[in-house]
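Chains, contacts and geometry: an overview
Read off the chains here:
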Amino acid sequence: NDLMLNLGNPEALRWMTDFTIRFFHDNNLYQIQQDFNFNTLPHWEKLDTPERIGVAEMKYIAGLYAYWDALLAAEPRITINHCASGGRRLDLETVQRGFTFWRSDAQCFPENDPIQNQIQHFYLSQWYPFHSGGAWVKQHPSDEYSFFSAVATGISDCTFIYQHQAPSETEWDYADHARLLREAVRLRPYFLGDYHPLTVEPELRENWCAFQYSRPGQAGGIVIAFRRPESPEAEECFRLHDLDL
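Throughout what follows, the structure given in this document is the object of discussion.

Analysis parameters
Residues numbered from 1 in each chain as written. Predicted model: local features only at pLDDT ≥ 70, side-chain atom pairs only at ≥ 80, totals over all residues. Heavy atoms only, no water. Helix = DSSP H or I, 4+ residues; strand = E, 2+ residues; numbered from the N terminus. Buried < 20%, exposed > 50% of the residue type's maximum accessible area, 1.4 Å probe, protein only. Contact = heavy atoms within 4.5 Å. Areas by Shrake-Rupley, 256 points an atom, 1.4 Å probe, with all protein chains shown as cover. Pairing = 2+ DSSP bridges. Core = buried A, V, L, I, M, F, W, Y, C linked by side-chain atoms within 4.5 Å. Axes fitted to C-alpha atoms, helices over the stretch in contact; angles between N-to-C directions. Patch = residues over 30% accessible without salt bridge, like charges linked within 9 Å, V, L, I, M, F, W, Y side chains within 5 Å. Salt bridge = Lys/Arg side-chain N within 4 Å of Asp/Glu carboxyl O. Polar contact = N/O pair within 3.5 Å; in protein donor to acceptor, adjacent residues only side chain to side chain. Parallel < 35°, antiparallel > 145°, perpendicular 65-115°, else oblique. Left-handed = near helix turned anticlockwise from the far one by under 90°.

Observations regarding the overall build of the chain
- Broken down by element type, the chain carries 7 helices and 7 strands.
- For the chain, the α and β elements follow one another from N to C terminus as α-β-α-α-β-α-α-β-α-β-α-β-β-β.
- Taken across its 245 residues, the chain has 40% of its residues classed as buried.
- Summarising the internal contacts of the chain: among those between residues at least 6 apart in sequence, 60% fall at separations of at least 24.
- On the chain, roughly 14,500 Å² of surface is accessible, and the fraction owed to carbon and sulfur atoms is 54%.

And the structure:
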């Protein structure tokens, strides 16, 4: 029995906008996360008529953009996180108004395949740099492979998300966990540089997944390469970009 406020209704839009701005002001808040994880189509279909299919959705989306614009105009410090069940609001209009700290619900569970994160990073970074994958640190030899599969301009650390309590220091190597997070922070500036895919079709599990970030005019760059378990090639040769020889 999912309910959805119809932002295509001017009265509903005005109420929601005024309520949010007032609530944020009264409580000194500057961040909003808006999820989007149920089927909205039945709600819009009920409002459409046979000769005007899609109008309800169009009005809702226009109202949604107006809602976000009003929040940012009222308080420019507000950060909007488009969680959107992971990837369901990754479009040009939406990303102009916020960020994606959680790019996919594929990482909701600890046994997720890190190759999903690699593919998402590979393609999404071609047009949008501000995104983050979910990482589950398990503290065994493949930790770094899984962790750095998720690292981008952000990192969503899911390790304790469902445990509801942090383990003791005797149960968990916090120093090593912190080491991984510090490395993610160290790499972060490079992800705002020029992006160069170095491999093709990373969705094929026998292929390597590799990409390069460089910052022309500044020293340094990084190459991140993943050899998949199914890859028959133990080594690969990549043609790098923006080299000052």
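Observations concerning the pairing of strand β6 (residues 209-214)
- Taking burial as the measure, the 6 residues of β6 include 6 buried ones, the bulk of the element.
- Residues Cys209, Phe211 and Tyr213 line one face of β6 and the alternating positions Ala210, Gln212 and Ser214 line the opposite face, and both faces are buried.
- Relative to strand β7 (residues 221-226), β6 runs antiparallel, the two being bridged by 6 bridges. When the sheet's bridge partners are listed, glutamine 212 is paired in β7 with valine 223.
- Where β6 folds back onto β7 in an antiparallel hairpin, the turn is made up of 6 residues, including glycine 217, whose phi is positive at roughly 90°.

Concerning the environment of phenylalanine 99
- Looking at the secondary structure, you find phenylalanine 99 in the loop between α4 (92-95) and α5 (114-124).
- Not counting the four nearest positions on each side in its chain, phenylalanine 99 is found in contact with Thr79, Ile80, Asn81, His82, Tyr128 and Phe130.

Focus on the nonpolar core
- Residues Phe147, Phe191, Phe211, Tyr213 and Ile222 are the most contacted members of the largest nonpolar core, which totals 20 residues.
- Residue assignment for this core shows that the elements contributing at least two residues are α6 (143-150), α7 (174-187), β6 and β7.
- Leu7, Leu13, Ile32 and Tyr65 belong to the second largest nonpolar core, which has 14 residues in total.

Re the pairing of strand β1 (residues 31-34)
- The side-chain alternation of β1 yields one buried face, formed by Ile32 and Gln34, and one unburied face, formed by Gln31 and Gln33.
- Looking at chain direction, β1 and strand β2 (residues 79-82) are connected through 4 bridges and run parallel. Counterpart to glutamine 34 in the pairing with β2 is histidine 82.

Comments concerning the sheet that holds strand β5 (residues 194-197)
- One open sheet holds the 3 strands; their spatial order is β5-β6-β7, and the pairing between them is antiparallel. Edge positions in the sheet fall to β5 and β7, since each of these pairs with one other strand and no more. Each neighbouring strand pair of the sheet contributes to a mean axis angle of 15°, computed without reference to strand direction.
- Against the sheet, α5 engages β5, β6 and β7, with an angle of about 45° to β6.

Concerning a nonpolar patch on the surface
- On the surface, Leu5, Trp15, Phe19, Phe23 and Leu29 cluster together to form a nonpolar patch covering roughly 460 Å² of accessible area.
- Locating phenylalanine 23 in the fold gives a position in helix α1 (residues 10-27).

Things to note about the side chain of threonine 159
- For threonine 159, the position within the fold is in the loop between β4 (154-157) and α7.
- Under the relative-accessibility criterion, threonine 159 is labelled buried at 6%.
- A polar atom in the side chain of threonine 159 sits 3.2 Å from the backbone nitrogen of valine 137.
- Here aspartate 157 takes part through its side chain, which lies 2.7 Å from a polar atom of the side chain of threonine 159.
- In this view, threonine 159 contacts Ala135, Trp136, Val137, Trp172 and His177; residues no more than four positions away in its chain are not counted.

Some words on α5
- Regarding α5, the residues found buried are Pro114, Ile115, Asn117, Gln118, His121, Phe122 and Leu124.
- Of the surrounding secondary structure, the elements contacted by the buried residues of α5 are β3 (132-135), α6, β5, β6 and β7.
- Two or three places before isoleucine 115, at the start of α5, stands the capping residue aspartate 113, its side-chain oxygen 3.0 Å from that residue's backbone nitrogen.

With respect to the packing of α1 against helix α3 (residues 55-74)
- Where α1 meets α3, the closest approach of the two axes is 10 Å, and the angle between their N-to-C directions is 30°. By the angle between their directions, the pair α1 and α3 is classed as roughly parallel. Note that α1 runs across α3; the crossing there is right-handed. On α3, the residues touching Leu13, Met16, Thr17, Thr20 and Ile21 of α1 are Gly63, Ala66, Tyr67, Ala70, Leu71 and Ala74.

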